[in-house]
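Notes for the structure review
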Amino acid sequence: MLMARRLLNRHPGKIARFYLGLLPFIVLIVLYAAASAMRLADNPADKLLPSFTALGEGIARVAFRADPRTGSVLLWADTAASLMRIGIGLTVATLLALLVGIANGILPYVRAGLSPLVAVISMIPPMAVLPILFIIFGLDELSKVVLIVIGVAPCLMRNLQARVQEMPGEQLIKAQTLGASSWQIIVRVVLPQMLPRLIESVRLSLGPAWLFLISAEAIAADVGLGYRIFLVRRYLAMDVILPYVAWITFLALLCDLGLRLLNRTLFPWLDAGRRSA
């Protein structure tokens, strides 16, 4: 009876979880509205915390009206450019992590040769090599994609290698006893178990990937979400900056939800195993 009363044993229902999750956002919105009202009352021309009306006008300007200079709708043009860059970067990083991570985890000779190199590369601050990437690859798309790959792939490789090495040794011994070759063990035993874990690692890498993308776009780009934010900051256009930040957050959330749904659809056994554990 005493155990049931402890907070760690009390679980909210679905409706309670929904409202508890919604509550912090409501509090933040109310606090913003109050702070904005106070600043605008003191100075109606204040740009730091624009009113919701000003934010709505800023959204309409960038999302629904064609830019007179370029003829395109800025928000959607920036979104398309940024999504293309981060999509290519994450895809390349994931494929490299799958190849190198599994090889390092399952093949001792490969691990002896590549694991130290991957460990060293993962310690290099990606933003420190951004000027080098611009010099080598120029200011076009390739340098931005390479930055995402350098920033994300080594950590994915190390994580996947650790996951492979955590596999029960009995599985590998049984597969070898049944006559499986190294390639068959990798494809039929290791790969099916590592794919969902790799997707989980990519989910955790979405934040850093967006950080590298926004940073690269802010320095050298003529279109993109990061480029637009740093372009309008000189005018203190918070009515554009805040919606863009919210939009980037929403896109990252959609990517996270998409990867989670992909994992649940392709590998339902993983979620079931966690519940049973």
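Residues numbered from 1 in each chain as written. Predicted model: local features only at pLDDT ≥ 70, side-chain atom pairs only at ≥ 80, totals over all residues. Heavy atoms only, no water.

1. Looking at the side chain of N104
Short version of the rule: Think of it this way: any DSSP run of H or I at least four residues long counts as a helix, any run of E at least two long counts as a strand, and we number them from the N terminus. In this description, contact between two residues means that some pair of their heavy atoms is separated by no more than 4.5 Å.
Note on placement: N104 falls in helix 4 (residues 74-106). Discounting residues that sit within four places of it in the chain, N104 has contacts with V110, R111, L114, S115, V118 and Q161.

2. Some points on the packing of aromatic side chains
What counts is decided by this rule: The criterion for an aromatic pair is that two Phe, Tyr or Trp rings (for Trp, the six-membered ring) have centres within 6.5 Å, with stacked assigned to planes under 30 degrees apart, edge-to-face to planes over 60 apart and tilted to the rest. We call a residue buried when its accessible area falls under 20% of the maximum for its residue type, exposed when it is over 50%, and partly exposed in between, using a 1.4 Å probe and counting protein chains only.
Summed over all chains, the structure comprises 4 aromatic pairs. Consider the rings of Y32 and F52, whose centres lie 5.6 Å apart with planes at 55°: the pair is tilted. Of the two residues, Y32 sits in helix 2 (residues 14-42) while F52 sits in helix 3 (residues 52-63), which places them 20 residues apart along the sequence. A relative accessible area of 18% means that Y32 is categorised as buried. Judged by relative accessible area, F52 falls into the partly exposed class, the value being 46%. Between W76 and W247, the ring centres sit 5.5 Å apart and the planes meet at 90°, which makes this aromatic pair edge-to-face. Residue W76 is located in helix 4, and its partner W247 is located in helix 11 (residues 238-266); the two are separated by 171 residues in the primary sequence.

3. Observations regarding the nonpolar core
What counts, and what does not: Put simply, a nonpolar core is a bunch of buried Ala, Val, Leu, Ile, Met, Phe, Trp, Tyr and Cys residues held in one set by side-chain atoms that sit within 4.5 Å of each other.
I102, V152, V190, W210, L225 and Y244 are the most contacted members of the largest nonpolar core, which has 58 residues in total. Among the elements of the structure, helix 3, helix 4, helix 6 (130-137), helix 7 (141-165), helix 9 (182-219), helix 10 (225-232) and helix 11 are those that each provide at least two residues to this core. Non-local contacts of L225, meaning those with residues more than four positions away in its chain, are made with L75, D78, T79, S82, W210, I214, E217, Y244, W247, I248 and L251.

4. Things to note about the UniProt feature "transmembrane region" (unreviewed entry) in the protein
Applied cut-off: UniProt positions are given in the numbering used here, feature names are shortened, and annotations may be inferred rather than shown by experiment.
As annotated by UniProt and renumbered to match this structure, "transmembrane region" (unreviewed entry) occupies residues 20-41, 83-107, 114-136, 210-230 and 242-262. The annotated region residues 83-107 carries 96% helix and 0% strand content, and the separation between its end C-alpha atoms amounts to 35 Å. In this annotation, residues 210-230 is assigned 76% helix and 0% strand; the end-to-end C-alpha distance for the span is 15 Å.

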